Amino acid sequence: MSLVCVLALVPGTARADNPIVQHIYTADPAPLVHNGRVYLYTGHDEDGSTYFTMKEWRVWSSADMVNWTDHGSPLNISTFSWASANAWAGQVVARNDRFYWYVPVTNRATNSMAIGVAVGDSPTGPFRDAIGRPLVGNGEIDPTVFIDDDGQAYLYWGNPNLWYVKLNPDMISYSGAATRIALTTAGFGTRNGNASRPTLYEEGPWVYKRNGTYYNVFAAECCSEFIAYSTAPGPTGPWTYRGTIMPRQGGSFTNHAGVVDVNGGSYFFYHNGALPGGGGYTRSVAVEKFSYNSNGTFPTINMTTTGAPQVGTLNPYVRQEAETIAWGSGIETEPSSEGGMNVGWIENGDYIKVKGVAFGAGATSFAARVASAGSGGRIEVRLDNSTGPLVGTCTVPVTGGWQTWTTSTCAVSGATGTRDVFLRFAGGSGNLFNVNWWQFSGTGGSGGNLLTNGNLESGTTGWGVVGSGTLSSNTAVVHGGTGSLSITGRTASWNGPGQDVTSKLTNGKSYTTSVWVRSQSGTPSAKATLSLTANGTTNYLQLTPATGVNANGWTQLTGTATASWSGTLTGAIFYVETAEGTDSLLVDDVSLQ
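Residues numbered from 1 in each chain as written. Predicted model: local features only at pLDDT ≥ 70, side-chain atom pairs only at ≥ 80, totals over all residues. Heavy atoms only, no water.

### Some points on the overall build of the protein chain
Then step 1. Regarding its fold elements, the protein chain presents two helices and 44 strands.
Then step 2. Taking 593 residues into account, the globule formula puts the C-alpha radius of gyration at 25 Å, and the protein chain, at 25 Å, falls close to it.
Then step 3. The principal-axis extent of the C-alpha atoms belonging to the protein chain is close to 85 × 60 × 40 Å.
Then step 4. Evaluated residue by residue, the protein chain yields a buried proportion of 58% over its 593 residues.
Then step 5. As presented, the protein chain carries roughly 21,200 Å² of accessible surface, and 47% of it is formed by carbon and sulfur atoms. (Helix = DSSP H or I, 4+ residues; strand = E, 2+ residues; numbered from the N terminus. Rg over C-alpha atoms; globule rule 2.2 N^0.38 Å. Buried < 20%, exposed > 50% of the residue type's maximum accessible area, 1.4 Å probe, protein only. Areas by Shrake-Rupley, 256 points an atom, 1.4 Å probe, with all protein chains shown as cover.)

Below is the structure:
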């Protein structure tokens, strides 16, 4: 029985969110933070494996740590003409406006493991072999790459040893010879009963720097493995063993960690055997949020089914890919003829959960891009769980092909506030239909949002400048979709991008604001404000708390406030400003509803 069939048997109640991918088995997580979004690179354990049978690598991404978008497989064994098997644990780093993926594979010429490097122009690929041969090879595995503050990049790898080379600035060559790091008990802990391996170090190093300290997080003492770590004052040591991070848990005899900081939080990725049919060769990636101790050491982190909390909310009034999922049952994904991936192999009773959907004042309709060469069926839009309140039902027609797309729309009632959404699929027997994307609309024009072009997908349309500054569309740095709004040349703290909403407000009504902000320089404190002019007097309503933003990632400003005035309202301007300073800003995915 396949993984997806097993999951279809799981009762459709509200689910926890770990593991974070349910429709395939995933392993060896390697997170990368890029433009405030987490891109997660994993291996893919084949269903029913009795060894590490892995033929491709997969990419996932999330802006909120709970709803993960499936970007498919942009890299596999056949990408490397010199490789024959074993798409095992790798890592991606960004440099030179490119993305470099270091992976271990079997070198056909030697029948031993070697490290290859692929390169892509975006974090989701496609990726291509950068040099047409192994970068380095000595029969060992598990590469990790770290770029120090001085620009020097290091490639580490190894099982049973631990090696490194200094990468050149091109990231696809290195200087000098491979150096073996001394595995001492002081540096990597003491293993008992194995004279050939006296330390706890096993495999899977993850090296990074935080507050001047270098960390090496690794899988320790197979089998089964736990996650431990060492620290050092420099990138090559000397290392000091610091102890256990994650004890032996989770139904897989291996574990593999990746650690990142994003949007003010620290996150620990790992794998286990928690899904139905899971085990040592059918693993699943999960994530926990944690806080370092005050002295920089790790706390003990245990595996949970709860996972990391959601960062912000999901906007239902912009197009959302169907393959953006917090939890799925019975479904699979495949490449879509319209780009990206689509959800497919849908049968009666399958569903996908999307967490923390912010409807605001309410949605009135739902649209989905669908295709069917089967019998068609229905999409039931439910809240809270897969048998929860039914707020809408869309009919999916037969379109004549699994990639012959049409848009199905239906009325929605009762979808207000912030709720988990379950799209439950219903119909006859066999495969019913595919879904590519979905979107809600509402009473406020574009889905309850009073702002025109709130998702910034139409350039600067609808937006103007409050005070001084220059607006432009930015397609290089975005929070969601393909565009964000840039404002430069601000001369006062209250200058910022804005819209006239005079005709859209109701006196005494509460409005919820969400806006994602990123500075282009500096670390200003940003907020959203509503100016209200009535009877010749202008008052200012702060819509969101002032929150520090920076150039390293996106920060969500959110809040609810009541707009009220005396007399006749003659002017109402929504705008984003800073509490101080004149820094340039980027804004994206803005809603007032």
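Read on for the rest.
### Looking at the environment of valine 576
Then step 1. Tracing the backbone shows valine 576 in strand S43 (residues 569-578).
Then step 2. Once the C-alpha coordinates of valine 576 and valine 515 are considered, the two residues, 61 residues apart in sequence, prove to be 8.6 Å apart.
Then step 3. Not counting residues up to four positions away in its chain, the partners in contact with valine 576 are Asn495, Gly496, Pro497, Val515, Val517, Lys527, Ala528 and Val587. (Contact = heavy atoms within 4.5 Å.)

### Points about the environment of leucine 383
Then step 1. When you line up the elements, leucine 383 lands in strand S29 (residues 377-383).
Then step 2. On the accessibility criterion, leucine 383 (1% relative accessible area) is buried.
Then step 3. Residues leucine 383 and alanine 415 lie 32 residues apart in sequence; the distance between their C-alpha atoms is 7.8 Å.

### What to know about the nonpolar core
Then step 1. Ranked by internal contacts, the top residues of the largest apolar core, which has 45 residues, are Trp57, Trp101, Val217, Val259, Phe268 and Phe298.
Then step 2. Residue contributions to this core peak at four residues, all from strand S8 (residues 98-107). (Core = buried A, V, L, I, M, F, W, Y, C linked by side-chain atoms within 4.5 Å.)

### Looking at empty space enclosed by the protein
The rolling of a water-molecule-sized probe over the atoms marks out the regions of remaining empty space.
Then step 1. For the coordinates displayed, the defined rule picks out three cavities of 30 Å³ or more.
Then step 2. The wall of the largest cavity is formed by Ile20, Val21, Gln22, His23, Trp60, Trp68, Ile325, Gly328 and Ile331.
Then step 3. Its volume calculated, the second largest cavity comes out at about 40 Å³.
Then step 4. Gly36, Val38, Ser62, Ala63, Asp64, Met65, Val262, Asn263 and Val311 are the residues that line the second largest cavity. (1 Å grid on protein atoms, 1.4 Å probe; cavity = no way out; pocket = protein on both sides within 12 Å on 5 of 7 lines; lining within 4 Å. Points joined across faces, edges and corners; volume = space filled by probe spheres on them.)

### Details of unusual backbone geometry
Then step 1. Of the consecutive residues cysteine 222 and cysteine 223, the connecting peptide bond is found in the cis state with omega at 5 degrees.
Then step 2. For cysteine 223, the position within the fold is in the loop between strand S16 (213-220) and strand S17 (226-232).
Then step 3. At the junction of glycine 237 and proline 238, the peptide bond is cis and its omega measures out at -5 degrees in the coordinates.
Then step 4. Positive phi values are uncommon outside glycine, yet aspartate 28 reaches one of about 55 degrees.
Then step 5. Considering the arrangement of structural elements, one finds aspartate 28 in strand S1 (residues 25-34).
Then step 6. Despite not being glycine, leucine 456 shows a phi value in the positive range, around 60 degrees.
Then step 7. With respect to the element layout, leucine 456 can be found in the loop between strand S33 (434-442) and strand S34 (464-466).
Then step 8. Note on leucine 456: relative accessible area 1%, which makes it buried.

### Let's talk about the layout of surface pockets
Then step 1. Approximately 1,300 Å³ is the volume found for the largest pocket.
Then step 2. The wall of the largest pocket is formed by 48 residues, among which Arg37, Val478, His479, Gly480 and Gly481 lie closest to the centre.
Then step 3. Among the elements that make up the lining of the largest pocket, the one with the highest residue count is strand S38 (residues 509-519) (four residues).
Then step 4. Residues of the lining of the largest pocket, tallied by class, amount to 11 nonpolar, 28 polar and nine charged.
Then step 5. What the second largest pocket holds in volume is close to 780 Å³.
Then step 6. For the second largest pocket, the lining is made up of 24 residues, of which Leu32, Val33, Tyr208, Val260 and Asp261 are closest to its centre. (Nonpolar A, V, L, I, M, F, W, Y, C, P; charged D, E, K, R; others polar.)

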